[in-house]
Amino acid sequence: MVATSHPMAVRTAVTILEEGGTAADAAVAAAAMLTVVDPPSTGVGGDLFALYWESGGTEPVGLAAAGVAPAALSVQALRDSGFDTMPADGPWTVTVPGATWGWSALLERYGTLGRDRVVAPAVEAARTGFAVTPAVAEEWKLGANRLRADPHAAALFLPAGRAPRVGDVFRNPDLAETLQTYAREGHAPFYTGDIAADFADAVHPLRTSDLGEWAGPEWVTPIRARFRGVDVYEMPPPGQGLAVLQALRLYQRFAPYSDHHLVESIKAAVADAADHIADPRFHPVPVAELLGDGRVGELADRIGATASDGRTPGTPSDTVYVCVVDRWGAACSLIQSIYDGFGSGVLVPGRGVLLHNRGAGFTLRDGHPNRPEPRKRPYHTIIPAMLGGPDGFRGCLGVVGGFMQPQGQVQVLRNVLDRGMSAQQAVDAPRLRVLGGHTLGLEEGFDASGAAELARRGHRLSALPRSECGGAQLILRTPAGLDGGSDFRRDGYVGVC
């Protein structure tokens with residue numbers, strides 16, 4: 001089974017599975033296709049995280065393919081360039097991209113079909129073109145202004161001076177050649193070869209030495225917490241998966257399990273994440289303490305019967321997520337992104353590649369552990385998740401949308417484990433979003449009695465546009481077999497073979 005956000009990516013992954021490919025082969029094939037067909041959200045100029053559960057395994061392993069800040073990036077360098085806060089896009093937000101090396105790491109450890117077969121469909125789609133789908137067209141239009149700041153990006157991604165419309169055919173032959181280079185030679189040209197040189201030529205302060213000296217992706221041990229008897233696995237910092245686990249631990253302390261307690265648990269958890277999450281190689285993150293009974297109890301004691309004044313968790317952004325289970329029962333939960341829509345907005349001429357703006361995840365706040373430093377990774381919003389239990393793998397989950405990701409994951413898990421929903425019902429159910437202060441965004445269709453109760457408790461309610469609700473993909477292993485859900489807010493579906 002495959003669930004992801006674009007029909008061409010689903011079809012590609014299903015074909016790979018039908019040919020005997022593993023969950024890793026199928027996930028990378030889908031991810032490569034998504035770099036072509038969803039350019040606002042992802043690309044080879046971005047980062048990747050994945051969780052992988054081997055057939056018969058007792059828990060997943062994590063892959064962190066997130067690059068580091070250039071050696072020239074520092075608080076002082078930004079101050080000297082006139083910035084009082086971290087810029088949202090442009091050259092100072094570009095960090096070393098990790099996606100292609102992440103593909104290689106997954107395929108080398110778990111793949112069987114080889115790079116060429118896995119990437120071939122994406123190469124063909126970039127070369128011959130694809131019809132733009134509705135959700136992608138909307139993202140493209142929303143990100144068009146960022147593209148206009150770079151004449152190379154505008155020339156490629158805004159043909160005729162505008163974003164493509166639904167059904168327009170878009171081609172990116174330069175990206176086809178870039179992906180073909182990956183198929184032939186692997187990730188090396190992106191870090192020590194001609195492609196790396198072009199990346200560095202396109203943007204300062206990134207240099208070829210930053211790309212060539214990066215140590216590459218890391219295999220890591222996921223962090224976890226138990227919710228309703230199910231183990232929930234997330235990537236460790238600098239990812240924000242910690243916020244999901246802390247919110248779940250808080251929420252299950254309250255009965256009855258109301259929307260109010262869910263909202264207040266999310267507020268507390270995202271605030272703790274904002275204060276503590278950073279690259280643990282530079283500043284240790286006390287994960288065990290933050291998830292421990294002492295800290296969770298302290299936060300729970302602060303949650304009252306009325307709305308608290310929460311911080312603004314952050315803005316929505318674009319990302320893609322893929323979940324796959326293969327015929328042997330192995331599973332891959334993969335997320336990949338160039339962060340905000342069209343990333344930094346900087347195109348690498350001749351390569352068809354936009355570089356991400358992941359460095360925007362740093363902060364210039366005095367004394368904060370997530371301040372920019374050379375060779376440091378920023379706070380990461382992209383968080384693949386997995387579910388397990390005594391009998392092994394139970395599911396994989398992802399919700400795209402930047403700082404909506406932990407909020408969305410908590411709600412989808414509540415839908416499954418508290419409300420007994422199927423996978424499709426769980427990802428389609430109307431969502432809420434903590435917006436800061438006392439304000440909550442509620443999606444159209446949100447339960448009217450629930451909304452009234454939130455208002456009675458002092459929450460200020462506003463309409464939440466569908467584009468800011470996140471997009472979820474979910475596969476559950478049930479006694480009856482696999483149960484999949486693909487968010488109606490995106491263009492994908494659940495594919496089976």
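Below: a short report on this structure. All figures in this text were calculated on a predicted structure; none of them were measured in a lab.

**Section: the pairing of strand β13 (residues 385-389)**
Argument step 1. With five of five residues buried, β13 lies mostly within the body of the structure.
Argument step 2. The alternating pattern of β13 places A385, L387 and G389 and M386 and G388 on opposite faces, both of which are buried.
Argument step 3. Here strand β8 (residues 230-234) pairs with β13 via four bridges, running antiparallel. Across the sheet, E234 pairs through a bridge with A385, a residue of β13.
Argument step 4. Here β13 runs beside strand β14 (residues 392-400); their pairing, made up of five bridges, is antiparallel. Of the residues in β14, the one forming a bridge with G388 is F393.

**With respect to the environment of G111**
Argument step 1. As for its position among the elements, G111 is in the loop between α4 (99-110) and α5 (115-128).
Argument step 2. Given the relative accessible area of 25%, G111 is considered partly exposed.
Argument step 3. The sequence separation of G111 and A330 amounts to 219 residues, and the corresponding C-alpha distance is 11 Å.
Argument step 4. With sequence-adjacent residues up to four places away left out, G111 is seen in contact with T22, A24, D25 and L106.

**Let's talk about the nonpolar core**
Argument step 1. V36, Y52, W103, W140, L179 and F199 are the most contacted members of the largest nonpolar core, which has 84 residues in total.
Argument step 2. One finds I223, L248, L262 and V263 within the second-largest nonpolar core, a separate group that totals 49 residues.

**As for the side chain of D25**
Argument step 1. Among the structural elements, D25 can be located in helix α2 (residues 23-37).
Argument step 2. Among buried Asp, Glu, Lys and Arg side chains, D25 stands out as unpaired, with R117 the closest opposite charge at 9.6 Å.
Argument step 3. Among the polar contacts listed, one links the side chain of D25 to the backbone nitrogen of T112, at a separation of 3.0 Å.
Argument step 4. Once you skip the residues sitting within four places of it in the chain, D25 turns out to touch I16, L107, G111, T112, L113 and V118.

**Comments concerning the packing of aromatic side chains**
Argument step 1. Per the counting criterion, the structure on display carries 19 aromatic pairs.
Argument step 2. With centroids separated by 5.9 Å and ring planes inclined at 80 degrees, the aromatic side chains of Y110 and W219 adopt a geometry described as edge-to-face. In this pair, Y110 is assigned in helix α4 and W219 in strand β6 (residues 218-220), connecting sequence segments 109 residues apart.
Argument step 3. Residue classification places W219 among the partly exposed positions, given a relative accessible area of 32%.
Argument step 4. Ring geometry for F130 and F170: centres 6.0 Å apart, planes at 70 degrees, overall edge-to-face. With F130 in strand β4 (residues 130-131) and F170 in strand β5 (residues 169-170), the pair connects residues that are 40 residues apart, well separated along the chain.

**Points about helix α13 (residues 241-251)**
Argument step 1. By the criterion of burial, α13 is predominantly enclosed, with eleven of the eleven residues buried.
Argument step 2. Residues G241, L242, A243, V244, L245, Q246, A247, L248, R249, L250 and Y251 constitute the buried set of α13.
Argument step 3. Considering only its buried residues, α13 is in contact with β7 (223-227), β8, α14 (259-276), α15 (287-291), α16 (293-302) and α17 (405-417).

**Quick word on the packing of α2 against α4**
Argument step 1. The geometry of α2 relative to α4 is characterised by a closest axis approach of 9 Å and an angle of 160 degrees between their N-to-C directions. With respect to α4, the axis of α2 lies roughly antiparallel. The two elements α2 and α4 meet at a crossing, and its hand is left-handed. In contact with A24, D25, V28, A31, A32 and T35 of α2, α4 contributes W103, L106, L107 and Y110.
Argument step 2. In the contact of α2 with α4, the residues fall into eight nonpolar, one polar and one charged.

**Digging into helix α19 (residues 448-456)**
Argument step 1. Turning to α19, its buried residues number three or more, namely G450, A451 and L454. Here the buried residues of α19 occupy an arc of 100 degrees about the axis, which is enough to place them on one side. Looking at α19, the residues exposed on the side facing more than 90 degrees away from the buried face are A448, S449 and R456.
Argument step 2. For α19, the elements touching its buried residues are α14, β16 (439-443) and β17 (460-464).
Argument step 3. Looking one or two residues beyond α19, the residue adopting positive phi is G458, at roughly 100 degrees.

**Some details on the sheet that holds strand β2 (residues 47-53)**
Argument step 1. Ordered by their spatial adjacency, seven strands build an open sheet running β6-β3-β2-β10-β9-β1-β20, and the pairing between neighbours is antiparallel. A single partner strand is all that each edge strand has here, and the edge strands are β6 and β20 (493-495). Averaged over all adjacent pairs, the angle separating strand axes in this sheet is 15 degrees, with direction ignored.

Reading the values: rules and limits
- Residues numbered from 1 in each chain as written.
- Predicted model: local features only at pLDDT ≥ 70, side-chain atom pairs only at ≥ 80, totals over all residues.
- Heavy atoms only, no water.
- Buried < 20%, exposed > 50% of the residue type's maximum accessible area, 1.4 Å probe, protein only.
- Helix = DSSP H or I, 4+ residues; strand = E, 2+ residues; numbered from the N terminus.
- Pairing = 2+ DSSP bridges.
- Contact = heavy atoms within 4.5 Å.
- Core = buried A, V, L, I, M, F, W, Y, C linked by side-chain atoms within 4.5 Å.
- Lys, Arg positive; Asp, Glu negative; His and termini not counted.
- Salt bridge = Lys/Arg side-chain N within 4 Å of Asp/Glu carboxyl O.
- Polar contact = N/O pair within 3.5 Å; in protein donor to acceptor, adjacent residues only side chain to side chain.
- Phe/Tyr/Trp six-rings, centres within 6.5 Å; stacked < 30°, edge-to-face > 60°.
- Axes fitted to C-alpha atoms, helices over the stretch in contact; angles between N-to-C directions.
- Parallel < 35°, antiparallel > 145°, perpendicular 65-115°, else oblique.
- Left-handed = near helix turned anticlockwise from the far one by under 90°.
- Nonpolar A, V, L, I, M, F, W, Y, C, P; charged D, E, K, R; others polar.
- Arc of directions from axis to C-beta.

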